[in-house]
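Below are the chains, spelled out letter by letter.
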Amino acid sequence: MKLIFEKSVAGRRGVTLPRPDVPKRAIIDGKYTRKDAAPLPEVSELDVVRHFTNLSRRNFSVDTNFYPLGSCTMKYNPKFTEAIAGFPGFTELHPLTSHLGQAAMLVQGALEVLYYIEQLLAEITGMKEMTTEPLAGAHGELTGIMLIAAYHRDKGNKKRFVIVPDSSHGTNPATAAIAGYEIISVPTGKNGCMDMESYKAKLGKEVAAVMLTCPNTLGIFNTDIKEVAELAHRYDALMYYDGANLNAMLGKCRPGDVGFDVVHLNLHKTFSTPHGGGGPGAGPVGVSGKLVDYLPVPKVVRNDNGTYALSEKKPKSIGRIAPFYGNFAVLLKAYAYIMLLGREGLITASERAVLNANYCLAKLKDVYELPFERTCMHEFVISASRQLKHGIRAIDIAKFLIDRDIHPPTVYFPLIVKEALMVEPTETETKETLDRFVEVMREAAKLAEDDPEILKNAPTNMPVSRLDEARAARELNCSHI
Amino acid sequence: MKIPDNLLYTKEHEWVLINGKKAKMGITDFAQEHLGDVTYVEPPDDNKAVKQFEMVTTIESVKAASDVYAPLSGKVTQFNSSLEASPELINKSPYEDGWIALIELSDESEKKNLMNKSQYEEYVTKLSTRE
């Protein structure tokens, strides 16, 4: 397919603009204006329509195909939340209105949504209070670690380290390092969870926090979690919950009840916002009583007369961490989703997510290596190490799945599993879809033995064949011109 | 998999060639095999002081970004600048052309914390069977 620039023909126009009927006036100083015309493609309107329609048809999304990308919760997001987020009563609000004193009376509905989504998320996670300001998961993480740092500073604690298991998401150690802490990595034990002996040995009074994903990136629930938290609290180290995998736990276990002090959520994973296309997410952060004073401002408050307002009254707050009040439309979609599903619906969603993952695992574990033999939660990790004996790697299986119209699972993560394939089917898929996935994965395992060349050459029926990932990373060239 | 017998090794799969007060370091054949195609090696700061088993730099491959640890304490005196244009040297020649840094050692006795060829060979075999 040609680039739109390659379709350009000098002089061709999509629209004919009328001559200006007002006098020309130089508003911008001539030294800032362009001397030559911008090198834009010269194409007809129909060229543009066809170009972008055809491009969009090459797109892969949850709306077109199965997307079991582990740790990303690529579940289907019901369209009714989009409809609600598109209500003009919400979309036509000016984000500054709520900051303008009395004018806040004009945006009571939006403030009420923000107030209630905080209450709902705090209830779901078992936390005392929330902020919905952070704009994405990693932003929520940084906010959470800044809250922990503010707590230690306020108490005069001398802290240097953050403990992270070696199965963690890369953002955990990255966040702690950006916030100024040094990282202590704890290895994974035989049960697929953080090794307790090693954890105890590394814990000490200079540890500021312990960051955990639960269930972890192997899809395993850490049954030592209460002990992990109790030990951390002895040294006044705070417990950080990475909410990436909350989809497995809704209504089953609340991070606040097992000793976590900070939780970040990825609304674009668990609570119905499309994800993975680079669109906006939201990473609300919940805290235990210890950290309430440090939450970012402004906070939505309910006045005695039942009206809502933004409050800046928090002397120990870490301040503002985002403009306005977070990605409002994403928060609104989460609110609509939670209200529609209700308590029972959310519990069922998690149960089905876990059931679907265990179903796929049970149907695949005789042909793929399973590094940790345990019941999984909402996702599982298998290894292509048996296929490696025939020269087939996880990446070859991933590319083969593309040929069969299935998005590959996450590959080579977590780092502690060789040739890892991390599968998260999510609750929104039918048994027929799961059966087809299992069938294709089994076909790949068989081809690895019988005809590995097919896997090594995949994909063959895509617009492009196997891309040279190493060359693409070594010779960056992103510009057309 | 190649494991030369004139080098010492760490558990994190770095090798070091010691010559008096000076040492040359890189990552092992086992490490490059597991990383896959290397796409970038971050040049460490000039004269960066490093402690044994602490991070000296980072390697990026098509699979992951991984820390590289110093096999011995000292000061980084040189980075293998050919890696900037050709990071694939680490895959092609991990023990020779793909060396990463030169270190001026501050404590040669730390050698005792490293493995020799046969110890490293045994260590890697154990890891491979566990996988």
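Cut-offs and rules
- Residues numbered from 1 in each chain as written.
- Chains lettered and ligands numbered in written order.
- Predicted model: local features only at pLDDT ≥ 70, side-chain atom pairs only at ≥ 80, totals over all residues.
- Helix = DSSP H or I, 4+ residues; strand = E, 2+ residues; numbered from the N terminus.
- Rg over C-alpha atoms; globule rule 2.2 N^0.38 Å.
- Contact = placed C-beta atoms within 7 Å.
- Buried ≥ 20, exposed ≤ 12 C-beta atoms within 10 Å, placed from the backbone.
- Axes fitted to C-alpha atoms, helices over the stretch in contact; angles between N-to-C directions.
- Parallel < 35°, antiparallel > 145°, perpendicular 65-115°, else oblique.
- Left-handed = near helix turned anticlockwise from the far one by under 90°.
- Nonpolar A, V, L, I, M, F, W, Y, C, P; charged D, E, K, R; others polar.
- Pairing = 2+ DSSP bridges.
- Expected span 1.5 Å × (residues − 1).
- Bend = angle between axes of the 7 residues up to and from the residue.
- Core = buried A, V, L, I, M, F, W, Y, C linked by C-beta atoms within 7 Å.
- Domains from an automatic or database assignment.

(A) Quick look at the overall build of chain A. On a plain count of helices and strands, chain A comes out with 15 helices and 12 strands. Taken over the C-alpha trace, chain A has a radius of gyration of 25 Å; the compact-globule value for 481 residues is 23 Å, and the two agree within 12%. Judged by the C-alpha coordinates and their principal axes, chain A covers about 75 × 70 × 45 Å. Of the contacts formed within chain A by residues at least 6 apart in sequence, a portion of 71% connects residues at least 24 apart.

(B) Structural context of the overall build of chain B. Check the secondary structure of chain B and you find 4 helices and 9 strands. Secondary structure elements in chain B, listed N-terminal to C-terminal, are β-β-β-α-β-β-β-β-β-α-α-β-α. Taking 131 residues into account, the globule formula puts the C-alpha radius of gyration at 14 Å, and chain B, at 14 Å, falls close to it. Dimensions along the principal axes, computed over C-alpha positions, put chain B at roughly 35 × 35 × 20 Å. The buried share among the 131 residues of chain B stands at 38%. For chain B, the proportion of contacts with a sequence separation of at least 24, taken over those separated by at least 6, is 62%.

(C) A look at the packing of helix H4 (residues 108-125) of chain A against helix H10 (residues 328-364) of chain A. Residues and elements named next belong to chain A. Two elements in contact, H4 and H10, have axes separated by 10 Å at closest approach and are oriented at 60 degrees. Viewed along their axes, H4 and H10 adopt a mutual orientation that is oblique. As for how H4 packs across H10, the hand of that crossing is left-handed. Judged by residue contacts, Ala110, Val113, Leu114, Tyr116, Ile117 and Leu120 of H4 engage Phe328, Leu331, Leu332, Ala334, Tyr335 and Ile338 from H10. Residues belonging to the contact of H4 with H10 are distributed by class as follows: 12 nonpolar, no polar and no charged.

(D) Structural detail: the pairing of strand S9 (residues 308-311) of chain A. Residue and element names in this part refer to chain A. As paired strands, strand S8 (residues 299-302) and S9 are joined by 4 bridges and run antiparallel to one another. What sits directly across from Arg302, in S9, is Tyr308. Two successive antiparallel strands, S8 and S9, enclose a turn made up of 5 residues, where Gly306 displays a positive phi of approximately 90 degrees.

(E) View of the interface of chain B and chain A. Taken residue by residue, the interface counts 7 residues in chain B and 8 residues in chain A. Partitioned by chemical class, the residues of the side of chain B that touches chain A number 3 nonpolar, 1 polar and 3 charged.

(F) Seen up close, the environment of Lys75 of chain B. All names here are of chain B. Relative to the assigned elements, Lys75 resides in strand S8 (residues 74-79). You can call Lys75 partly exposed: it has 14 C-beta atoms within 10 Å. Separated by 27 residues in the primary sequence, Lys75 and Lys48 place their C-alpha atoms 5.6 Å from one another. Beyond its immediate stretch of four places on either side in the chain, Lys75 contacts Asn47, Ala49, Ile103 and Glu104.

(G) How the structure looks around H4 of chain A. Compared with an ideal rise of 1.5 Å per residue, which puts 18 residues at 26 Å, H4 of chain A spans 26 Å between its outermost C-alpha atoms and is within 8% of the ideal. Where H4 of chain A ends, the next residue or the one after it, Gly126 of chain A, has phi of about 75 degrees, a positive value.

(H) Here's a closer look at the sheet that holds strand S10 (residues 380-383) of chain A. Residues and elements named next belong to chain A. Read from one edge of the open sheet, 3 strands run S10-S12-S11, paired in antiparallel fashion. Looking at strand neighbours, the two that pair on one side only are S10 and strand S11 (410-411), the edges of this open sheet. Pairing of S11 with strand S12 (residues 420-423), which is carried by 2 bridges, proceeds in the antiparallel orientation. Bridged to Val411 within S12 is Leu421.

(I) Molecular detail of H10 of chain A. In a regular helix each residue adds 1.5 Å, so 37 residues correspond to 54 Å; H10 of chain A covers only 41 Å between its end C-alpha atoms and thus falls short of that length. Most pronounced at Gly342 of chain A, the bend in H10 of chain A amounts to some 95 degrees.

(J) Inspection of the sheet that holds strand S1 (residues 8-9) of chain B at higher detail. Residue and element names in this part refer to chain B. Read across the sheet, 6 strands follow the order S1-S2-S3-S9-S8-S5 without closing on themselves; strand pairing throughout is antiparallel. One side of each edge strand has no neighbouring strand; the edge strands of this open sheet are S1 and strand S5 (49-50). Of the strand pairs in this sheet, S1 and strand S2 (residues 14-19) are connected by 2 bridges, and their pairing is antiparallel. Bridged to Tyr9 within S2 is Trp15.

(K) Seen up close, the nonpolar core. All names here are of chain A. Judged by nonpolar contacts, the single largest core of 121 residues is most densely connected at Ile148, Ala209, Val210, Tyr240, Val262, Leu331 and Ile397. Examining the composition of this core, we find that 16 residues originate from one element, H10, more than from any other. Here this core spans two domains, and each of domain 2 (80-340) and domain 3 (350-473) adds at least three residues to it. Beyond its immediate sequence surroundings of up to four residues, Ala209 is in contact with Ile145, Ile148, Val162, Ala237, Leu238 and Tyr240.

(L) Just the environment of Asn113 of chain B, in detail. Secondary-structure assignment places Asn113 of chain B in the loop between strand S9 (101-105) and helix H4 (117-130). With 105 residues separating them along the chain, Asn113 of chain B and Leu8 of chain B place their C-alpha atoms 9.6 Å apart.

(M) Examining the pairing of strand S3 (residues 22-27) of chain B more closely. All names here are of chain B. Of the pairings in the sheet, the one linking S2 to S3 comprises 6 bridges and is antiparallel in character. Its bridge partner being in S3, Val16 is matched across the sheet by Met25. Counting the residues between successive antiparallel strands, the hairpin from S2 to S3 contains 2 residues, one of them, Gly20, with a positive phi of roughly 65 degrees. The pairing of S3 with S9 spans 4 bridges and is antiparallel. Bridged to Lys24 within S9 is Leu102.

(N) View of unusual backbone geometry. Residues and elements named next belong to chain A. For the peptide bond that leads from Val297 to Pro298, omega is -5 degrees, which places it in the cis range. As for its placement among the helices and strands, Pro298 is situated in the loop between strand S7 (285-287) and S8. Look at the link from Phe413 to Pro414: it is a cis peptide, with omega at -5 degrees. Positive phi values are uncommon outside glycine, yet Glu419 reaches one of about 50 degrees. Looking at the secondary structure, you find Glu419 in the loop between S11 and S12. Overall, Glu419 belongs to the buried group, with 24 C-beta atoms counted inside 10 Å.

(O) Structural detail: the packing of H10 of chain A against helix H13 (residues 431-450) of chain A. All names here are of chain A. The geometry of H10 relative to H13 is characterised by a closest axis approach of 10 Å and an angle of 30 degrees between their N-to-C directions. Here H13 runs roughly parallel to H10, going by the angle between their axes. The element H10 and its partner H13 pack so that their crossing is right-handed. On H13, the residues touching Asn356, Tyr359, Cys360, Lys363 and Leu364 of H10 are Leu434, Phe437, Val438 and Met441. Here the residues of the contact of H10 with H13 are counted per class, giving 7 nonpolar, 1 polar and 1 charged.

(P) Main features of the environment of Ile416 of chain A. Residues and elements named next belong to chain A. Inspection of the secondary structure assignment puts Ile416 in the loop between S11 and S12. Residues Ile416 and Pro215, 201 residues apart in the sequence, show an inter-C-alpha distance of 16 Å. Excluding residues that lie within four positions of it along the chain, Ile416 makes contacts with Asp166, Ser167 and Thr188.

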